[in-house]
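Here is what each chain is made of, one letter per residue.
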Amino acid sequence: MTQRRGLLIIISSPSGAGKSTLSRRLLDWDGNIRFSVSATTRAPRPGEEHGLHYFFHSHEDFQRLVDEGQMLEHATVFGNSYGSPRGPVEEAINAGRDLLFDIDWQGGQQIRASALGKHVLSIFILPPSMKELERRLVSRAQDAPDVIAKRMAQSRDEISHWPEYDYVLVNDNLDETEDRLRTIISAERLRLSQQPGVVEVVRRLNAEYEEEGKT
Ligand SMILES: Nc1nc2c(ncn2[C@@H]2O[C@H](COP(=O)(O)OP(=O)(O)O)[C@@H](O)[C@H]2O)c(=O)[nH]1
Ligand SMILES: Nc1ncnc2c1ncn2[C@@H]1O[C@H](COP(=O)(O)OP(=O)(O)O)[C@@H](O)[C@H]1O
């Protein structure tokens, strides 16, 4: 049987809505999902490792990677450059491995518009309220107050892109949101793995129909 192609799972949300937390849970849930480690010019947060959470680059190095065509997509977010390396993507699709992208709406648009767009499953995460979004950003205790203010100010713009996504989830209860994400991914995998078999069955049914017509 033909192996299904890998999925490019794109998760976007305003900063603080919970996409990193949900991404981590999805990676723990299923070993067939790998994380697309982005390149960025942002400074590492405490505990973040080069090559694991991000590839941390200088502005010059980042620009060189873009110029060399090594980025599948890239964008400026909160004043820093972020981009998804092209290298692992086609390999994953062909090997039937799923890749998880924690990227913003600009990246989502670029990948969807690319030749690889047909492999995309996109999910947008909304916070239950703006107050809760701010509470989560503050309680994460990773960003300075001015950085948090910048992210809150940008959140409305990010949220306005929800209609571009295949699915939209409100991340109120974390376990419930994780459960819904698992359901969405499982259903999409089922749809993809069925396709080759279904084409064969329809061909056989058509042949049988033709045979019947002759008798
Ligand atoms: N377009 C694009 N956006 C990215 C990429 N990597 C991360 N981002 C987005 O950049 C924004 C800031 O990410 P980060 O600094 O890690 O903050 P956090 O999402 O609040 O934890 C988020 O919206 C990410 O989804 C990327 O490779 N491409
Ligand atoms: N459903 C939820 N309920 C309460 N807190 C949450 C929920 N989802 C995430 N969080 C917390 O909110 C903060 C921001 O989540 P994070 O995953 O870093 O967001 P993002 O990656 O979208 O910026 C973290 O401290 C995380 O533990």
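- An unreviewed UniProt entry annotates the chain as Guanylate kinase of Pseudooceanicola marinus.
- Looking at the Function (unreviewed entry) heading of the UniProt record, one finds this comment for the chain: "Essential for recycling GMP and indirectly, cGMP."

## Let's talk about the UniProt feature "domain: Guanylate kinase-like" (unreviewed entry) in the chain
So, step 1. Listed under "domain: Guanylate kinase-like" (unreviewed entry) in the UniProt record, and renumbered for this structure, are residues 6-186.
So, step 2. The span residues 6-186 carries 43% helix and 24% strand; its end-to-end C-alpha distance comes to 13 Å.

## Structural notes on the site of ligand 2
So, step 1. Residues in close proximity to ligand 2 total 13 residues, the closest being Gly18, Ser20, Thr21, Arg136 and Leu174.
So, step 2. Counting only elements with at least two residues in the shell around ligand 2, the list comes to α1 (19-29) and α5 (130-140).

## Focus on the packing of α1 against helix α7 (residues 174-214)
Each pair of packed helices can be summarised by the angle the axes make with each other and by the distance between the axes.
So, step 1. The interhelical angle for the contact between α1 and α7, taken along N-to-C directions, is 55°, at an axis separation of 10 Å. The angle between α1 and α7 places the two elements in the oblique class. By crossing handedness, the relation of α1 to α7 is classed as right-handed. Of α7, the residues touching α1 (which contributes Thr21, Leu22, Arg25, Leu26 and Trp29) are Leu174, Thr177, Glu178, Leu181 and Arg182.

## A word on the UniProt feature "binding site: ATP" (unreviewed entry) in the chain
So, step 1. Within this numbering scheme, the UniProt entry marks Ser13, Pro14, Ser15, Gly16, Ala17, Gly18, Lys19 and Ser20 as carrying the feature "binding site: ATP" (unreviewed entry).
So, step 2. The topology assignment puts Pro14 in the loop between β1 (8-12) and α1.
So, step 3. Non-local contacts of Pro14, meaning those with residues more than four positions away in its chain, are made with Pro127, Leu133, Ser155, Glu158 and Ile159.
So, step 4. By the element assignment, Lys19 lies in helix α1.
So, step 5. We classify Lys19 as buried; it has 22 C-beta atoms within 10 Å.
So, step 6. Setting aside anything within four residues of it in sequence, one finds Lys19 in contact with Ile11, Ser13, Asp102 and Ile125.

## Some words on the environment of Ser160
So, step 1. Within the secondary structure layout, Ser160 lies in the loop between α6 (145-159) and β9 (167-170).
So, step 2. For Ser160, a count of 10 C-beta atoms within 10 Å corresponds to the exposed category.

## Overview of unusual backbone geometry
So, step 1. Even without being glycine, Phe78 reaches a positive phi, approximately 50°.
So, step 2. Relative to the elements of secondary structure, Phe78 occurs in the loop between β5 (71-77) and β6 (80-85).
So, step 3. A count of 14 C-beta atoms within 10 Å places Phe78 in the partly exposed class.
So, step 4. In this structure, Ala141 is a non-glycine residue whose phi angle is positive, near 55°.

## With respect to the site of ligand 1
So, step 1. Near ligand 1 there are 17 residues, and of these Ser15, Ser38, Tyr82, Ile103 and Gly107 occur at the shortest range.
So, step 2. Taken together, the elements giving at least two residues each to the shell around ligand 1 come down to β5, β6 and α4 (105-113).
So, step 3. In terms of residue class, the shell around ligand 1 is built from five nonpolar, eight polar and four charged.

## Quick word on the environment of Arg151
So, step 1. Checked against the element boundaries, Arg151 lands in helix α6.
So, step 2. Once the C-alpha coordinates of Arg151 and Pro14 are considered, the two residues, 137 residues apart in sequence, prove to be 7.7 Å apart.
So, step 3. If sequence neighbours within four positions are ignored, Arg151 has contacts with Ser15, Gly16, Phe78 and Leu137.

Analysis parameters
Residues numbered from 1 in each chain as written. Chains lettered and ligands numbered in written order. Predicted model: local features only at pLDDT ≥ 70, side-chain atom pairs only at ≥ 80, totals over all residues. UniProt positions renumbered as here; feature names shortened; annotations may be inferred. Helix = DSSP H or I, 4+ residues; strand = E, 2+ residues; numbered from the N terminus. Near = placed C-beta within 6 Å. Axes fitted to C-alpha atoms, helices over the stretch in contact; angles between N-to-C directions. Parallel < 35°, antiparallel > 145°, perpendicular 65-115°, else oblique. Left-handed = near helix turned anticlockwise from the far one by under 90°. Contact = placed C-beta atoms within 7 Å. Buried ≥ 20, exposed ≤ 12 C-beta atoms within 10 Å, placed from the backbone. Nonpolar A, V, L, I, M, F, W, Y, C, P; charged D, E, K, R; others polar.

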